[in-house]
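# Structure at a glance
As a plain string of letters, each chain reads:
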Amino acid sequence: MISPMIIAVLVILLAVSTLFVYLESDQGADTILTYHEPEQVPSITILWAKWKPADYFQQLVDEFTAETGIQVKIVQHPWKDIQRHFFSEMEVKSQRYDMVIGDSQWLGYGSKNGHYSNLTRWIEQHHVNDRFIQTAMSSYAEYPKASNRYWAIPLECDAMGFAYRKDLFEDNQEKRAFLQRYGYALDIPATWSQLKDIAEFFNRPTEDFWGLLAWRTAHYDGLTMAIQPLIWAWGADLGNKQTFQIRGILNNAAATSALAFYKQLAAFQNPEWKNYYLDSGRSSHKPLIEGKVAMSMVYFATSAELTSPAKNKLANNIGFFAAPAGPVSRATSLGGQGVSIISYSKKKAYSFRLLKWLLRSQVQERWSELGGLSCGIHVLNSKKRLTTSPMHKAFSESLTFARDYWAVPEYAELLALSQQHWDKYLTTDDISAKDTLDNLTTDWENLFEYHGYYKE
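Notes on the structure in this doc start here. This one's a predicted model, so the numbers in the text were calculated from it and none came from an experiment.

### Thoughts on the overall build of the chain
Looking only at helices and strands, the chain has 19 helices and 10 strands in total. Along the first, second and third principal axes, the C-alpha set of the chain runs to 105 × 60 × 45 Å. Within the chain, the fraction of its 456 residues that count as buried is 53%. Considering only contacts in the chain between residues 6 or more positions apart, those separated by 24 or more positions represent 72%. Counting only carbon and sulfur atoms, one obtains 52% of the accessible surface of the chain, whose full area is about 21,000 Å².

Structure, rendered in structure tokens:
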């Protein structure tokens with residue numbers, strides 16, 4: 001029987017032997033070399049939606065990798081499912097992703113539930129507020145609003161606007177016909193009423209040509225991002241974002257008129273385009289590229305495809321304009337995202353290095369060159385930038401009156417309800433605009449009450 005002491009010695013010798021490797025030298029003698037565990041290649045993984053800016057960002061961070069040796073992988077997930085996917089990952093405190101480029105409305109969810117790392121002190125130390133426009137900091141980084149608490153840095157500025165066929169708008173025959181029919185000159189619309197006239201004028205279904213592509217999809221946020229600018233422009237609102245009062249604000253006469261107006265607009269497009277939005281297979285750019293529509297709602301962040309001759313044979317005929325004015329004011333939907341560090345990541349040091357690198361002026365300029373929409377002050381104010389693409393002037397103008405959806409932690413639940421009610425109104429004739437808004441108001445109030453927003 002082997003004694004316990006002998007067994008212990010054998011175990012120690014075996015363990016020690018694994019620390020060495022034996023290699024035969026050129027002289028035939030055995031040389032003992034210390035064995036080292038191979039170092040892991042430093043890397044981080046970032047989740048973003050599947051769209052063109054994610055491709056541009058991968059190109060940008062490849063340059064960070066070349067400089068630092070830290071590999072960065074951008075995982076792209078389809079827009080229609082990215083919110084559910086990310087929220088599911090966070091509920092189990094997944095470490096699959098180290099960073100996320102998320103919509104502004106995710107800030108409440110990410111911060112309140114502990115999924116995002118608090119960047120407030122880091123942002124103060126690195127003077128981030130001095131580098132990006134205030135709209136971007138408050139929209140893509142700060143939560144709660146006006147709290148000076150930050151959970152992201154701005155990455156992709158964006159807003160809803162329009163692309164249009166310049167050649168049609170400038171065609172003399174079309175201009176004469178429009179003037180005769182409507183009594184004013186065909187031009188970029190200054191009001192939603194004028195935009196409706198133009199959509200009606202160019203709507204020619206028998207020729208498979210349509211006046212407007214207006215977002216209609218019930219997936220993710222497309223329909224909501226399209227309708228809320230009209231609600232604001234008509235003088236209504238989604239609700240009071242301090243008291244969370246909905247009734248009388250969302251379901252008033254102004255909002256009812258705005259919603260009814262949008263249904264009229266949506267009639268000037270091919271019904272088959274209902275789900276055209278951001279997914280590559282059903283991109284809202286497709287009808288413009290195919291020469292089948294006069295105007296289309298767009299996010300400026302995705303417009304590089306429209307102005308690229310390699311991707312669009314009509315590229316030289318594409319122009320852009322900001323959302324027009326309504327009866328009371330002018331507004332558009334804020335798009336864009338900030339980049340956050342996920343609190344469960346074990347690689348935060350690498351993520352902070354990437355954030356610091358992104359703050360550099362030359363990096364923000366490079367981001368803009370690749371096709372991204374930098375929120376950097378010096379980039380937005382650059383005269384060179386305004387001339388690099390026909391969309392930049394309209395984009396910069398849009399940022400001055402862009403507004404955001406609810407940014408509370410319950411954002412996803414609120415969004416699901418607005419998408420559901422507005423989709424039902426647009427796709428059936430069984431309910432009025434007023435009843436639609438009344439029903440949505442009740443559902444939103446019940447949701448806020450359930451989550452404890454109303455004090456007794």
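Read on, since the account is not over.
### Side note on the nonpolar core
In terms of nonpolar packing, the biggest core is built from 150 residues, with Phe57, Trp192, Tyr262 and Leu358 touching the most fellow members. The contacts of phenylalanine 57, once residues within four sequence positions are left out, are Ile46, Trp48, Ile74, Ile101, Leu155, Leu358 and Trp367.

### Side note on the pairing of strand 5 (residues 99-103)
Counting buried positions along strand 5 yields five of five residues, so the element is predominantly enclosed. Summarising the sheet, strand 3 (residues 43-49) and strand 5 pair through two bridges and their orientation is parallel. Considered in strand 5, the bridge of leucine 47 is made with valine 100. Note: strand 5 against strand 9 (residues 332-341), five bridges, orientation antiparallel. From the neighbouring strand, isoleucine 101 faces strand 9, where its bridge partner is valine 339.

### Brief notes about helix 10 (residues 222-233)
Buried residues dominate helix 10, accounting for 12 of its 12 residues. When we look at burial in helix 10, the residues that qualify are Gly222, Leu223, Thr224, Met225, Ala226, Ile227, Gln228, Pro229, Leu230, Ile231, Trp232 and Ala233.

### Comments concerning the side chain of asparagine 270
Tracing the backbone through its elements, the reader meets asparagine 270 in the loop between helix 11 (253-266) and helix 12 (286-289). Here the side chain of asparagine 270 touches glutamate 272 through a polar contact of 2.9 Å, landing on its backbone nitrogen. Leave out the neighbours within four places in its chain, and asparagine 270 touches Asp208 and Trp210.

### A few points about the pattern of salt bridges
Applying the stated criterion across every chain, the model contains 14 salt bridges. In this structure, glutamate 174 engages arginine 204 in a salt bridge whose closest nitrogen and oxygen atoms are separated by 2.9 Å. Remark: arginine 204 occurs in the loop between helix 9 (192-202) and helix 10 and glutamate 174 occurs in helix 8 (residues 172-182); sequence separation between them is 30 residues. Here lysine 292 ties to aspartate 208 by a salt bridge, and the two come within 3.3 Å at their closest N and O atoms. In this pair, lysine 292 sits in the loop between helix 12 and strand 7 (295-299) while aspartate 208 sits in the loop between helix 9 and helix 10, placing the two residues 84 residues apart along the sequence. Residue class for lysine 292 comes out partly exposed when judged on its relative accessible area of 29%. Each of the salt bridges in this network shares a partner with another, and the network as a whole consists of Glu63, Arg366 and Glu369.

### Remarks on the environment of threonine 441
Its location among the elements puts threonine 441 in helix 19 (residues 433-450). When the C-alpha positions of threonine 441 and leucine 250 are compared, they lie 6.7 Å apart, and in sequence the two are 191 residues distant. Not counting chain neighbours up to four residues away, the residues in contact with threonine 441 comprise Ile246, Arg247, Leu250 and Asn251. Polar contacts involving the side chain of threonine 441 include one to the main-chain carbonyl oxygen of leucine 437, which spans 2.8 Å.

### Examining the state of the cysteines
Summed over the entire model, instances satisfying the criterion amount to one disulfide. Between the sulfur atoms of cysteine 157 and its disulfide mate cysteine 375 the distance is 2.3 Å. Every disulfide takes its handedness from the sign of the S-S torsion; for cysteine 157 and cysteine 375 that torsion is 130 degrees, giving right-handed. Note that cysteine 157 is positioned in strand 6 (residues 153-165) and cysteine 375 in the loop between helix 14 (361-370) and helix 15 (377-380), a separation of 218 residues in sequence.

### A word on the packing of aromatic side chains
In this description, a pair of aromatic rings is defined by centroid distance and the angle of the planes. Overall, the coordinates contain 39 aromatic pairs when judged by the stated rule. Pairing phenylalanine 162 with phenylalanine 321 gives two aromatic rings, centres 5.1 Å apart and planes at 10 degrees, and the pair type is stacked. Residue phenylalanine 162 is found in strand 6, and its partner phenylalanine 321 is found in strand 8 (residues 318-322); the two are separated by 159 residues along the sequence. According to the relative accessible area criterion, phenylalanine 162 is buried, its value standing at 0%.

### Some remarks on the packing of helix 18 (residues 411-427) against helix 19
Put simply, helix 18 and helix 19 touch, their axes get as near as 10 Å, and they point 165 degrees apart. Taken together, the axis directions place helix 18 and helix 19 in an arrangement best described as roughly antiparallel. For the pair helix 18 and helix 19, the crossing hand works out as right-handed. Note on element contacts: helix 19 touches helix 18 through Ala433, Thr436, Leu437, Asn439, Leu440, Asp443, Trp444, Leu447 and Phe448, opposite Glu413, Leu414, Leu417, Ser418, His421, Trp422 and Tyr425. Split into classes, the residues belonging to the contact of helix 18 with helix 19 amount to 10 nonpolar, four polar and two charged.

### Topic: the packing of helix 2 (residues 52-68) against helix 13 (residues 348-358)
Contact geometry for helix 2 and helix 13: axes closest at 11 Å, N-to-C directions at 110 degrees. On the basis of the axis angle, helix 2 is roughly perpendicular to helix 13. Only Tyr350, Arg353, Leu354, Trp357 and Leu358 of helix 13 make contact with helix 2, whose side of the interface consists of Phe57, Leu60, Val61, Glu63, Phe64, Glu67 and Thr68.

The rules behind the values
Here the residue numbering is sequential within each chain, running from 1 through the sequence in written order. At least 70 in pLDDT is required for a residue's local features to be given in this predicted model, at least 80 for side-chain atom pairs to be given and counted, and no such filter applies to totals for whole chains, interfaces and linings, which use all residues. As a rule here, side-chain values come from all non-hydrogen atoms in the structure, and water together with hydrogens is ignored. Numbering of helices and strands runs from the N terminus, with a helix taken as a DSSP run of H or I at least four residues long and a strand as a DSSP run of E at least two residues long. Think of it in three bands: residues with accessible area under 20% of the maximum for their type are buried, residues over 50% are exposed, and the middle band is partly exposed, with areas taken using a 1.4 Å probe on protein chains only. Contacts were defined at the residue level, with two residues in contact if any of their heavy atoms lie within 4.5 Å. In this description, accessible areas are obtained by the Shrake-Rupley approach with a 1.4 Å probe, and a residue is regarded as covered only by the protein chains that are shown. Within this scheme, the nonpolar core is defined by two criteria: the residues are buried Ala, Val, Leu, Ile, Met, Phe, Trp, Tyr or Cys, and they are joined through side-chain atoms within 4.5 Å. A pair of strands counts as paired when DSSP detects no fewer than two bridges linking them. Here a polar contact is taken to be a pair of N or O atoms separated by no more than 3.5 Å, where protein atoms must pair a possible hydrogen donor with a possible acceptor and residues adjacent in sequence count only if both atoms sit in side chains. Each reported salt bridge corresponds to a side-chain nitrogen of Lys or Arg within 4 Å of a carboxyl oxygen of Asp or Glu. Two cysteine sulfur atoms make up a disulfide if the distance between them is within 2.5 Å. Within 6.5 Å between ring centres, the rings of Phe, Tyr and Trp (the latter by its six-membered ring) count as paired, and their orientation is classed by plane angle as stacked under 30 degrees, edge-to-face over 60, tilted in between. For helices, the fitted axis covers only the stretch in contact; all axes are lines through C-alpha atoms, and the angles between them, taken along N-to-C directions, range from 0 to 180 degrees. For classification, angles of less than 35 degrees are called roughly parallel, those exceeding 145 degrees roughly antiparallel, those between 65 and 115 degrees roughly perpendicular, and all remaining angles oblique. Helix crossings fall into two classes, left-handed where the near helix is turned counterclockwise from the far one by less than a right angle and right-handed where it is turned clockwise. Residues are grouped as follows: Ala, Val, Leu, Ile, Met, Phe, Trp, Tyr, Cys and Pro are nonpolar; Asp, Glu, Lys and Arg are charged; all remaining types, including Gly, are polar.

Read these as layout, nothing more, since geometry by itself doesn't imply function.
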